[in-house]
Amino acid sequence: MPVTRFIGIHPLWTPRPTRPVIALVGAGPRGVSLLERIGANLADFPDIDHLDIHVIDDTELGAGRIWRTDQTRQMCMNTLAGAVTLFTDDTVTMAGPVAPGPTLFEWCRLALDAARPSPSSAIQVADIDPAHRAAFASTAVRPGFVDDYRDELEAMTVATHPSRALYGEYLRWCFARALHTLPERVRVATHLARAVGVREDAGRQLVELSTGAVLACDAVVAATGWLPRDHTAEEHGFLAVLARHPEMTWVRPDNPIDQAIGAVPDGATAIVRGLGMGFFDVMTLLTIGRGGRFVDDPLTRAGVRYEPSGREPKLYVTSHRGVPYRAKSLYGSLPPSAPQRHLRSVDWSAVPRPIDFDRQVWPLIVKDAFVDYYETLHRVRPEAFAAPLTTVLATIDTTDGVPAALDAAIAPHVPDATDRFDLPAAMSPVRGAFPDPGSFTARVADYVADDLTESAKGRDSAVKAGLWSISAARRLANAIGTFGGFDAESRASGFRTLQTFGGMVGSGPPAFRSRQLLALVDAGLVRFVGPAARVVADDELGLFRAESPAVAGSAVTGAVLIDAWMHAHDVTASADPLTLSLAAAGRIRPFSVRGRDGRRHPTGGFDVDPRTGLLVHPDGTRDAAFHVAGIPLDEVMGDTIISPMPRSDPTMLRETDRVARSALRVAADAATSVPTWRESHVSPMFNG
Ligand SMILES: Cc1cc2nc3c(=O)[nH]c(=O)nc-3n(C[C@H](O)[C@H](O)[C@H](O)COP(=O)(O)OP(=O)(O)OC[C@H]3O[C@@H](n4cnc5c(N)ncnc54)[C@H](O)[C@@H]3O)c2cc1C
């Protein structure tokens, strides 16, 4: 990664530097955006003549841990190429200036055109916003990039799912561009290291790195993404059994490419917990990653057939609901925007907090889903209606937003029950008891096949339209509920259901992955255990054991358990050394939300000041220097996980602008404070 200006080597004893120092801990998408926003906002802070910035990450700087470019290209993004950007536009609600740049898709097109210009590539880049083209032209793409990704770049459309490594390349370019656009008076040092602690000394922040270096800073921003947490009681139990049974393998929850998937023996029987995105990654790593192949086969219901290598384990999979996340719809373009007329009909800023989500918000989300379902159904199957669409929409308007009530009110107008929106069935796809494991797996496979049929209909699937409306409502609901907007009770009930159900129906895998799953079921390599299976580490047998109460005879044992998901961080049970050092210094407390009885309920997120991202201390005072941004605030702020989408006022870009400005404010204060003679602690070790 080219870095234009490095901080020079400081002698051990110096006058207080007149140039203030900001440390950015974490150089994934958010860290890169923070750097870009610091540069974009600098002109608003005339007190800062000069500025030093430390960028710290122990994984590839710019890409960060999730998107590092050395990972297998089999790992693909969940989002679409045209739906990702790291640049601001005029939709972003922020104090700082807009600095436009290409989306991931545009960047790929421009890179291909620059490296291999052709009449067709010229046409493809011609309609890209000139400001985006200018930003692209200002910073060179890594030599060899286009050759390394040629096939993927040539096949890419706005609606393809890019490899994670490719997104990492884009992020690294965004990082390089952010560095190059900083004015001369800003110097940047990069550190391939972990920040393992922070302490205060004479008004400065001493950030300790895993290399032993200590960086003296005025402001710190931690954009640290997915942080480790302590083992749960169940996990401690697993570890105790594993200590006695080295033949057992437990693959712990983590980022799939960081999980010990290689420790799963060839041909093993593996119990897998989780049927979300982590599962599809694990499935890919254990099949294609072990030499198997998916081959197009129109004679199969999946449309693909699996050709095994013989090395793949047999997977027995369970999750809370027992069924996989639904496949993404094949729109052939970016997803439609859900109108959400009912949810948007309320001026939520005027509604007193905390809001009872279950009573005030969820019914509107349900109504919007019914509207989208019936509007789509009317477009594709008008013969299903015994009354005009306007009658159905008016019925939805005047009926309580309760699925059963809406269904009963609509029934006279859409008489055939199979034409109607069965939201409860979608929320609990495998209700009831199953007589044997085979019938349960067959039921889930049919569910996946049906879902793929709906996915292939794109905008013409009424059920997908209704479910997409619910999934899309998460964004607005998160904005309404941000910083304690919902009461503790509804956060634990309806709001949680919206998050999990919305994730299941809207944040699922690309359709081709669901096809592959179906092919693996048909090849006998994947079996579904049943919903809410109990998983134990059996000390006597030296095996893991899973059994679902809903499926007779579902008990299965195996020497391997794979947890295909990631823990949410919890400040009260953190295993992150930096968080622990803040806790030891009494600088953090968990964010808490109000219950209906007025009592406070702690969450797992850091309490921060909403306007700046500065930590809030246990006594309620605001920290002077330490900011937290992003995923460790998910329970506080909401909507922290998804990468920014173009022209959507993304939460991430609003946050990075806000926090960058706060860091600059702290730096400006430091720049204007009286110089004092003291130890600088700035390490002479720098790397690029
Ligand atoms: C497997 C997986 C797939 C995903 N797919 C998608 C997707 O398709 N689309 C989407 O929108 N989102 C996806 N996400 C969500 C994704 O996390 C965000 O899109 C994005 O990466 C968040 O950016 P971030 O910079 O806040 O966090 P991260 O990307 O996690 O970056 C944080 C960085 O901080 C570093 N760090 C942490 N602690 C320290 C420390 N103490 N010292 C130094 N460095 C530190 C880490 O090494 C890491 O590089 C996915 C997440 C995962 C786990």
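All residue numbers here refer to positions counted from 1 along the written sequence of the relevant chain. Only residues with pLDDT of at least 70 are given local features in this predicted model, and only at 80 or more are side-chain atom pairs given and counted; all residues enter the totals for whole chains, interfaces and linings. To obtain the side-chain values, all non-hydrogen atoms of the structure were included, while hydrogens and water were left out.

An unreviewed UniProt entry annotates the chain as FAD-NAD(P)-binding protein originating from Micromonospora sagamiensis.

**Here's the deal with the overall build of the chain**
So the rule is basically this: Helix and strand labels come from DSSP, where a helix needs a run of H or I of at least four residues and a strand needs a run of E of at least two; each type is numbered from the N terminus. Radius of gyration: C-alpha atoms only; globule rule: 2.2 Å multiplied by the number of residues to the exponent 0.38. Burial status follows relative accessibility: with a 1.4 Å probe on protein chains alone, a residue under 20% of its type maximum counts as buried, one over 50% as exposed, and anything between as partly exposed. Using a 1.4 Å probe, the Shrake-Rupley method yields the accessible areas, and only the shown protein chains count as cover for residues. For the charge count, each Lys or Arg is scored as positive and each Asp or Glu as negative, with His and the chain ends excluded. Charged groups are reduced to one reference atom each: NZ for lysine, CZ for arginine, CG for aspartic acid, CD for glutamic acid.
Regarding its fold elements, the chain presents 22 helices and 23 strands. The C-alpha atoms of the chain give 26 Å as radius of gyration, which agrees with the globular expectation for 688 residues (26 Å, within 12%). With respect to the three principal axes, the spread of C-alpha positions in the chain is 80 × 65 × 65 Å. For the chain, the residues scored as buried account for 58% of the 688 residues in total. For the chain, the accessible area works out to roughly 26900 Å², and carbon and sulfur atoms hold 55% of it. Between the averaged position of the 70 positive side-chain charges in the chain and that of its 80 negative side-chain charges there is a distance of 1 Å.

**Quick word on the site of the ligand**
For clarity, the threshold we go by: Residues are labelled near a given molecule or strand when at least one of their non-hydrogen atoms is within 4 Å of it. Side-chain atoms alone can form a polar contact between residues adjacent in sequence; in general such a contact is a pair of N or O atoms within 3.5 Å, and within protein one must be able to donate a hydrogen while the other accepts it. When residue character is reported, Ala, Val, Leu, Ile, Met, Phe, Trp, Tyr, Cys and Pro are called nonpolar, Asp, Glu, Lys and Arg charged, and the others, Gly included, polar.
Near the ligand lie 32 residues; those nearest to it are Arg30, Asp57, Arg65, Asn78 and Ser643. Within the contact set of the ligand, a nitrogen atom lies 2.8 Å away from a backbone nitrogen or oxygen of Ala195. The protein chains hide 95% of the 970 Å² of surface that the ligand would expose on its own. The set of elements that each furnish at least two residues to the shell around the ligand consists of helix H1 (29–41) and strand S3 (51–57). Across the shell around the ligand, the residue classes tally to 16 nonpolar, 10 polar and 6 charged.

**Quick notes on the domain arrangement of the chain**
Our working definition: Segmentation into domains, and thus their bounds, comes from an automatic or database assignment. Contacts are assigned to residue pairs that have any heavy atoms within 4.5 Å of one another. Buried area: the accessible area, evaluated with a 1.4 Å probe, that two parts lose upon being put together, summed over both parts. Each reported salt bridge corresponds to a side-chain nitrogen of Lys or Arg within 4 Å of a carboxyl oxygen of Asp or Glu.
If you check the domain split of the chain, you get domain 1 (13–228 + 571–679), domain 2 (233–325 + 509–563) and domain 3 (341–506). One C-alpha centre belongs to domain 1, the other to domain 3, and the line joining them spans 35 Å. Every contact between the two is made by 19 residues of domain 1 and, on the other side, 15 residues of domain 3. Summed over both partners, the interface of domain 1 with domain 3 buries about 1300 Å², with 50% contributed by carbon and sulfur atoms. The salt bridge involving Asp487 is made with Arg596; its shortest N-O contact spans 3.0 Å. Here domain 1 is connected to domain 3 by 11 residue pairs in polar contact (both at pLDDT 80 or more). Among the elements of the structure, strand S19 (590–594), strand S20 (600–606), helix H21 (634–637) and helix H22 (651–672) are those that each provide at least two residues to the side of domain 1 that touches domain 3. Looking at the side of domain 1 that touches domain 3 residue by residue, the class counts come to 7 nonpolar, 6 polar and 6 charged.

**Quick word on the packing of aromatic side chains**
Note the threshold: Aromatic rings from Phe, Tyr and Trp, with only the six-membered ring used for Trp, were paired whenever their centres fell within 6.5 Å, and each pair was classed as stacked if the ring planes differed by under 30 degrees, edge-to-face if by over 60, and tilted otherwise. In this scheme, Lys NZ or Arg CZ marks a charge over a ring once it lies within 6 Å of the ring centre and within 35 degrees of the ring normal.
The final tally for this structure, using the stated rule, is 22 aromatic pairs. Aromatic ring contacts, followed pair by pair, group Trp67, Phe87, Trp107, Phe136, Phe145, Tyr149, Tyr167, Tyr170 and Trp173 into a single cluster. A cation over an aromatic ring shows up here: Arg73 above the ring of Tyr149, its NZ or CZ 3.7 Å from the ring centre.

**Some thoughts on a nonpolar patch on the surface**
Applied cut-off: A patch consists of residues exposed above 30% relative accessible area that lack any salt bridge, with like charges linked at up to 9 Å and nonpolar side chains (Val, Leu, Ile, Met, Phe, Trp, Tyr) linked at up to 5 Å.
Together, Ile641, Ile642 and Met645 line one region of the surface with nonpolar side chains, adding up to about 240 Å² of accessible area. In this structure, Ile642 sits in the loop between H21 and H22. Judged by relative accessible area, Ile642 falls into the partly exposed class, the value being 38%.

**Section: the sheet that holds strand S17 (residues 556–558)**
Going by this rule: In this analysis, strands are considered paired if DSSP registers two or more bridges between them. Whenever a helix is involved, its axis is fitted only over the stretch in contact; in every case the axis is a line through C-alpha atoms, and angles between N-to-C directions fall within 0 to 180 degrees.
Taken together, the 3 strands give an open sheet; going across it, the order is S15-S16-S17, and neighbouring strands pair in antiparallel fashion. What marks the edges here is a single partner per strand, and that holds for strand S15 (534–538) and S17. Strand-to-strand twist in this sheet, taken as the mean axis angle between neighbours without regard to direction, amounts to 20°. Across 5 bridges, S15 lies against strand S16 (residues 543–547) in antiparallel orientation. Looking across to S16, one finds that Val535 is bridged to Ala546. Along the sheet face, helix H8 (residues 233–244) touches S15 and S16 and points at about 30° away from the line of S15.

**Overview of the state of the cysteines**
This is how the line gets drawn: By disulfide we mean two sulfur atoms from cysteines, separated by a distance within 2.5 Å.
Evaluation of the coordinates by the stated rule reveals 0 disulfides. For the unlinked cysteine Cys108, the closest cysteine sulfur is that of Cys174, found at 11 Å. The class of Cys174 is buried, set by a relative accessible area of 4%.

**Considerations on the pattern of salt bridges**
Evaluated as defined, the whole model comprises 53 salt bridges. One continuous salt-bridge network, built from bridges that share partners, spans Asp356, Asp358, Arg359, Asp487, Glu489 and Arg596.

**Focus: the pairing of strand S4 (residues 186–192)**
The buried fraction of S4 is high, at 6 of 7 residues. In this sheet, S4 lies alongside S3 in parallel orientation, the contact comprising 7 bridges. Each bridged residue has a counterpart across the sheet, and for Ile56 the counterpart in S4 is His191.

**Here we look at the pairing of strand S5 (residues 195–201)**
Regular strands show a simple pattern: their side chains alternate between the two faces of the sheet. Bridging between S5 and strand S6 (residues 204–209) involves 6 bridges; their strand directions are antiparallel. Residue pairing in the sheet places Glu200 in a bridge with Gln205 of S6. Between S5 and S6, which follow one another and run antiparallel, lie 2 residues, and Ala202 among them has a positive phi close to 50°.

**Details of the sheet that holds S5**
Strands sit in the order S5-S6-S7 across an open sheet of 3 strands; the sheet is antiparallel. Single-partner strands in this sheet number two, and they are S5 and strand S7 (214–217). On average, adjacent strands in this sheet sit at an angle of 25° to one another, irrespective of strand direction. As paired elements, S6 and S7 share 4 bridges and run antiparallel to each other.

**Here we look at the side chain of Asn41**
On the secondary structure map, Asn41 appears in helix H1. Owing to a relative accessible area of 0%, Asn41 belongs among the buried residues under this scheme. Among all residues touching Asn41, those that are not within four sequence positions of it are Gly96, Pro97, Asp657, Arg661 and Leu664.

**Description of helix H16 (residues 462–481)**
An α-helical turn contains 3.6 residues, so a residue and the one three or four places further along point in the same direction. What counts, and what does not: The span expected for a helix works out to 1.5 Å for each residue beyond the first. In this analysis the local bend is the angle between axes fitted, respectively, to the seven residues ending at and the seven residues starting at the residue.
A rise of 1.5 Å per residue sets the reference length of H16, with its 20 residues, at 28 Å; its end C-alpha atoms lie 28 Å apart and thus fit the reference within 8%. Its axis deflected by about 30° at Arg474, H16 carries its strongest bend there. Backbone geometry just after H16 places Phe483 at a positive phi near 45°.

**With respect to the nonpolar core**
Definition in use: By nonpolar core is meant a set of buried Ala, Val, Leu, Ile, Met, Phe, Trp, Tyr and Cys residues that side-chain atoms within 4.5 Å join together.
By size, the foremost hydrophobic cluster in this structure holds 61 residues, and its most contacted members are Ile22, Leu24, Leu35, Leu51, Ile53, Val55 and Trp107. At 10 residues, the largest contribution of residues to this core is made by helix H7 (residues 164–180). Leu35 has contacts with Leu24, Ile53, Val55, Phe175, Ala178, Leu179 and Leu182, leaving out every residue within four places of it along the chain.

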